[in-house]
Amino acid sequence: FFPSWKHFGVAMMENYKLNTERMKKLRNVSSRFYSVVSAGKIIPKHSNQPVKRPPKAPRTKQPSRTNQPLPSDMENLMQCTAFATADEYHLGNLCHDLTSHGYVEITSLPRDAANVLVIGTEKSAKVDDHGMIFFFREGAVVFWNVEEKSMKNIMRMLEQHEIQPYEVALVHWENEEINYRIGEGQTKLHKGEILLNSELDSDEVILQKFAFSNALCLSVKLAIWESLLDNFVESIQSIPEILKSRRKVKLSHADVMQKIGELFALRHRINLSSDLLITPDFYWDREKLEELYDKTCQFLNINRRVKVMNEKLQHCMELTDLMRNHLNEKHTLRLEWMIVILITIEV
């Protein structure tokens, strides 16, 4: 009996010595490792603080653009960029302000092309085409071959003539960029790239650019509304879970009516106060321009995005109606109990 316990004790002591030697070796190795690395070469660890992410883009914003131009073709390509910065512009004051700073107003558009201001600039990004800017009264601006510095200056001047402007981060996140070039052949939109016919005169080129710009204007405005709807959905997405878990919803009647008002305002913008559902009257007697406008809207998935937004709006309307009915029932039940208590006191 005793010899077995003795061997067991000896084995335990040997294991303890081995473990102690291993720990010493590890400590020596770690100290040698940190002594070799200099202070300037130590890589700082990433902090665990949450990083502020950019605004979330809607899933239906842009189609997949797999056919990107080759680097050899980028020399002939120019850029068309669209932004939606506000609900509306003061075009008259804006025109006076831009012309006083050396910009030239282009008045060759027909009279039925209302609610748009066209400005020409010599500060173009590339020499192949003149710089041109389209300002739409709906609160969108489209730049054609304008250098970046001049674009920033115009955006800064535009802030003084905006009605209910959007957030700057949202404006720059929900933009549209499309490449274009001037060459031989009929004007078209092919594989996400605009080709302008080089044989046309300047007035016809301006009309074609107006058709493309009109579609881009609708796309960026729709992107802003998609972002607003996403924020609204995030604000009410916890209500179904609260109802499911039989908890009390901390929303007053005024809060619910405010949510319903926001939904109706957004629905009014999409379906009534914009040209998202129908083609504008300007293109009825201009078949070629209407084809360019429709092709661009189809490329930007305007109709599908409007349909998805209306479905989301309908779901949000049903949820807010449910909350309003729930609050009305609670109010009615409270009144009934008050009447019962008053009758009891009377008796």
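Note that the coordinates shown come from a computational prediction; the quantities given were computed from them, not determined experimentally.

Engineer: Would you explain the pairing of strand S1 (residues 78-84) in this entry?
Structural biologist: Sheet faces and side chains relate simply in a regular strand, where the side chains alternate between the two faces. With six of seven residues buried, S1 lies mostly within the body of the structure. Here S1 pairs with strand S8 (residues 176-183) via five bridges, running antiparallel. Paired with threonine 81 across the bridge in S8 is glutamate 177. Pairing analysis gives five bridges linking S1 to strand S6 (residues 140-144), with the strands arranged antiparallel. Of the residues in S6, the one forming a bridge with alanine 82 is valine 142.

Engineer: Could you clarify how one ought to interpret a nonpolar patch on the surface in this entry?
Structural biologist: Judged by side-chain polarity, Leu333, Trp337, Val340, Ile341, Leu342 and Ile345 come together as a nonpolar surface patch covering roughly 650 Å² of accessible area. Position of tryptophan 337 among the secondary structure elements: in helix H9 (residues 302-346). Residue class for tryptophan 337 comes out exposed when judged on its relative accessible area of 55%.

Engineer: Can you walk me through unusual backbone geometry in this structure?
Structural biologist: Keep in mind that most residues, glycine aside, have a negative phi and that most peptide bonds are trans. We note that asparagine 145 has phi near 55°; this positive angle belongs to a residue other than glycine. You can see asparagine 145 is positioned in the loop between S6 and helix H3 (148-158). Positive phi, normally seen in glycine, also occurs at asparagine 301, with a value near 60°. Its place among the elements puts asparagine 301 in the loop between helix H8 (287-299) and H9. Given the relative accessible area of 17%, asparagine 301 is considered buried.

Engineer: In this structure, what is going on with the pattern of salt bridges? I would like to understand it.
Structural biologist: Overall, the coordinates contain eight salt bridges when judged by the stated rule. The partner of arginine 286 in a salt bridge is aspartate 112, with the nearest N and O atoms 2.9 Å apart. In this pair, arginine 286 sits in the loop between helix H7 (253-271) and H8 while aspartate 112 sits in the loop between strand S3 (104-105) and strand S4 (116-121), placing the two residues 174 residues apart along the sequence. Of the residues examined, aspartate 112 reaches a relative accessible area of 42% and is grouped as partly exposed. The partner of aspartate 129 in a salt bridge is lysine 209, with the nearest N and O atoms 2.6 Å apart. With aspartate 129 in the loop between S4 and strand S5 (131-136) and lysine 209 in helix H5 (residues 202-236), this pair connects stretches of sequence that are 80 residues apart.

Engineer: Would you mind showing me how to read the nonpolar core here?
Structural biologist: Generally speaking, soluble globular proteins have nonpolar side chains that are buried together. One finds Phe134, Phe135, Val141, Phe143, Trp144 and Phe210 to be the most contacted residues of the largest nonpolar core, which totals 83 residues. The greatest single-element share of this core, amounting to 16 residues, is contributed by H5. Those residues in contact with tryptophan 144, other than ones at most four positions away along the chain, are Gln79, Cys80, His130, Gly131, Met132, Phe134, Tyr180, Ile194, Leu196, Lys209, Phe212 and Ser213.

Engineer: What is the right way to read the packing of aromatic side chains from this model?
Structural biologist: Within a pair of aromatic rings, the relevant descriptors are the distance that separates the centres and the angle that separates the planes. Evaluation of the coordinates by the stated rule reveals eight aromatic pairs. Measuring from ring centre to ring centre gives 5.2 Å for phenylalanine 282 and tyrosine 283, while their planes differ by 85°; the resulting arrangement is edge-to-face. The class of tyrosine 283 is buried, set by a relative accessible area of 0%. Members of the aromatic cluster, connected to one another through ring pairs, are Phe134, Phe136, Phe210, Phe282, Tyr283 and Tyr293. Over the ring of phenylalanine 282 we find arginine 286, and its NZ or CZ is 4.1 Å from the ring centre.

Engineer: Is there a simple way to think about the confidence of the model for the chain in this case?
Structural biologist: A low pLDDT score tells you not to read the predicted coordinates there in detail. With 77% of its residues at a pLDDT of 70 or more, the chain shows a mean pLDDT of 78. Across the chain, element-level confidence peaks in S6 with a mean pLDDT of 94 and bottoms out in helix H1 (residues 2-36) with 48. Low pLDDT, under 50, characterises residues 1-8; the stretch is placed with zero contacts to residues that sit more than four places away or in other chains. Segment residues 26-67 is flagged for pLDDT under 50; beyond a separation of four residues in sequence, or across chains, it makes 32 contacts in the model.

Definitions and limits used
- Residues numbered from 1 in each chain as written.
- Predicted model: local features only at pLDDT ≥ 70, side-chain atom pairs only at ≥ 80, totals over all residues.
- Heavy atoms only, no water.
- Buried < 20%, exposed > 50% of the residue type's maximum accessible area, 1.4 Å probe, protein only.
- Helix = DSSP H or I, 4+ residues; strand = E, 2+ residues; numbered from the N terminus.
- Pairing = 2+ DSSP bridges.
- Patch = residues over 30% accessible without salt bridge, like charges linked within 9 Å, V, L, I, M, F, W, Y side chains within 5 Å.
- Areas by Shrake-Rupley, 256 points an atom, 1.4 Å probe, with all protein chains shown as cover.
- Salt bridge = Lys/Arg side-chain N within 4 Å of Asp/Glu carboxyl O.
- Core = buried A, V, L, I, M, F, W, Y, C linked by side-chain atoms within 4.5 Å.
- Contact = heavy atoms within 4.5 Å.
- Phe/Tyr/Trp six-rings, centres within 6.5 Å; stacked < 30°, edge-to-face > 60°.
- Lys NZ or Arg CZ within 6 Å of the ring centre and 35° of its normal.
- pLDDT = per-residue confidence, 0-100.

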